[in-house]
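Read off the chains here:
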Amino acid sequence: MASIGVLAELKAGMAELSTPMRVFVAAGRFTEPEPDLPELAAQIRTLLASVAADDAWRRFLCRYAPPSVPEVCAALEAVETHAAASFLARLATVDLVWPSHRHLPVETAERAAARVVSLLGPAAT
């Protein structure tokens, strides 16, 4: 279990990966004693609901409703540990809807993502 200091540093690293240009991130602890995929999916659904409620996105996603927790579970795929930092950096750098738009400089995203993955450690899932 991560110490309070590590959790604070992890939240700071995740915040560095978010941007006002609508890169949404979240960090925190699971509340269940033995967290599993449904709890993660529920947290992802909550994050998607905040995107759906965002005024800037509502223009583009006017009829969007976040998928159900089972649908989120079914869509999740594991990322290999060695690819986690580059995957996280890519999500924070490149806009998934408009790939030519960049949210963060590549170097900034790579540095923050590497630190987040380092804080999580090799046993994180």
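Everything here concerns the structure above.
Structure report, in brief. It should be emphasised that the depicted structure is a prediction, and the values quoted were computed from it without experimental measurement. Numbers given to residues run from 1 along each chain, matching the order in which its sequence is written. Owing to the predicted nature of the model, reporting of local features is limited to residues with pLDDT of at least 70; listing and counting of side-chain atom pairs is limited to 80 or more, with chain, interface and lining totals taken over all residues. Excluding hydrogens and water, the side-chain values take into account all heavy atoms of the structure.

## Re the overall build of the chain
Link 1 in the chain: Secondary structure summary: the chain contains six helices and zero strands in total.
Link 2 in the chain: Starting at the N terminus, helices and strands are each numbered in turn, a helix being any DSSP run of H or I of at least four residues and a strand any DSSP run of E of at least two. For the chain, the succession of helices and strands along the chain, N to C, is α-α-α-α-α-α.
Link 3 in the chain: With 125 residues in all, the chain has 22% of them scored as buried.
Link 4 in the chain: Considering only intrachain contacts with a sequence separation of at least 6, the fraction spanning at least 24 residues in the chain is 55%.
Link 5 in the chain: Values of accessible area rely on a 1.4 Å probe in the Shrake-Rupley scheme; residue burial ignores everything except the protein chains shown. For the chain, the accessible area works out to roughly 8600 Å², and carbon and sulfur atoms hold 62% of it. Summary of the burial criterion: residues with accessible area below 20% of their type's maximum are buried, those above 50% are exposed, and those between are partly exposed, where the area comes from a 1.4 Å probe applied to protein chains only. The contact criterion used is simple: two residues touch if any of their non-hydrogen atoms lie within 4.5 Å.

## Here's the deal with the pattern of salt bridges
Link 1 in the chain: Within this document, salt bridges are pairs made up of a side-chain nitrogen of Lys or Arg and a carboxyl oxygen of Asp or Glu, the two lying within 4 Å of each other. In this structure the tally under the stated criterion is one salt bridge.
Link 2 in the chain: Among the salt bridges present, the one from E9 reaches R115, with a minimum N-O distance of 2.3 Å. You can see E9 sitting in helix α1 (residues 4–17) and its partner R115 sitting in helix α6 (residues 106–120), a full 106 residues away along the chain.
Link 3 in the chain: A relative accessible area of 35% means that E9 is categorised as partly exposed.

## Here we look at the environment of A41
Link 1 in the chain: Relative to the elements of secondary structure, A41 occurs in helix α2 (residues 37–53).
Link 2 in the chain: Looking at A41, the relative accessible area reads 0%, which means it is buried.
Link 3 in the chain: Separated by 29 residues in the primary sequence, A41 and P70 place their C-alpha atoms 7.6 Å from one another.
Link 4 in the chain: In this view, A41 contacts V69, V72 and C73; residues no more than four positions away in its chain are not counted.

## A few points about a nonpolar patch on the surface
Link 1 in the chain: In this analysis, a patch consists of residues with relative accessible area above 30% that form no salt bridge, clustered at 9 Å for like charges and at 5 Å for the nonpolar side chains Val, Leu, Ile, Met, Phe, Trp and Tyr. Taken together, the side chains of F60, V79, F87, L91, L96, V97 and W98 make up a nonpolar region of the molecular surface, amounting to roughly 670 Å² of accessible area.
Link 2 in the chain: Relative to the helices and strands, L96 is located in the loop between α5 (84–93) and α6.
Link 3 in the chain: You can call L96 exposed: its relative accessible area is 70%.

## Notes on α2
Link 1 in the chain: To estimate the expected span of a helix, count its residues, drop one, and scale the result by 1.5 Å. Over its 17 residues, α2 extends 24 Å from the first C-alpha to the last, a length consistent with the 24 Å expected when each residue adds 1.5 Å.
Link 2 in the chain: Inspection of α2 places E39, A41, V51 and A52 among the buried residues, and these make up the whole buried set.
Link 3 in the chain: Along its buried surface, α2 packs onto α3 (55–58) and α4 (69–75).

## Quick look at the side chain of E39
Link 1 in the chain: When you line up the elements, E39 lands in helix α2.
Link 2 in the chain: Once residues lying within four places of it in the same chain are set aside, the contact partners of E39 are F30, T31 and E32.

## Some details on the packing of α5 against α6
Link 1 in the chain: Here an angle of 0 to 180 degrees is reported between the N-to-C directions of two axes, which are lines fitted to C-alpha atoms, with helices fitted over the stretch in contact. Interhelical geometry of α5 versus α6 gives an angle of 135 degrees and a closest axis separation of 8 Å. Here α5 lies oblique to α6, going by the angle between them. Considering only the axes of α5 and α6, their crossing is right-handed. On α6, the residues touching A84, A85, L88, A89, A92 and T93 of α5 are V106, A109, E110, A113, A114, V116 and V117.
Link 2 in the chain: The classification used treats Ala, Val, Leu, Ile, Met, Phe, Trp, Tyr, Cys and Pro as nonpolar, Asp, Glu, Lys and Arg as charged, and all other residues, Gly among them, as polar. Looking at the contact of α5 with α6 residue by residue, the class counts come to 11 nonpolar, one polar and one charged. Oblique is the label for any angle not covered by the other classes, which are roughly parallel (under 35 degrees), roughly antiparallel (over 145) and roughly perpendicular (65 to 115). By definition, any crossing whose near helix is turned counterclockwise from its far helix by less than a right angle is left-handed, and any crossing with a clockwise turn is right-handed.

## Quick notes on the nonpolar core
Link 1 in the chain: Take the buried residues of types Ala, Val, Leu, Ile, Met, Phe, Trp, Tyr and Cys, join any two whose side-chain atoms come within 4.5 Å, and each joined set is a nonpolar core. Among the nonpolar cores identified, the biggest contains 12 residues, and these are L7, L10, M14, L17, A89, A92, L104, A109, A112, A113, V116 and L119.
Link 2 in the chain: If you list the elements that add at least two residues to this core, you get α1, α5 and α6.

Keep in mind these numbers describe shape, not what the thing actually does.
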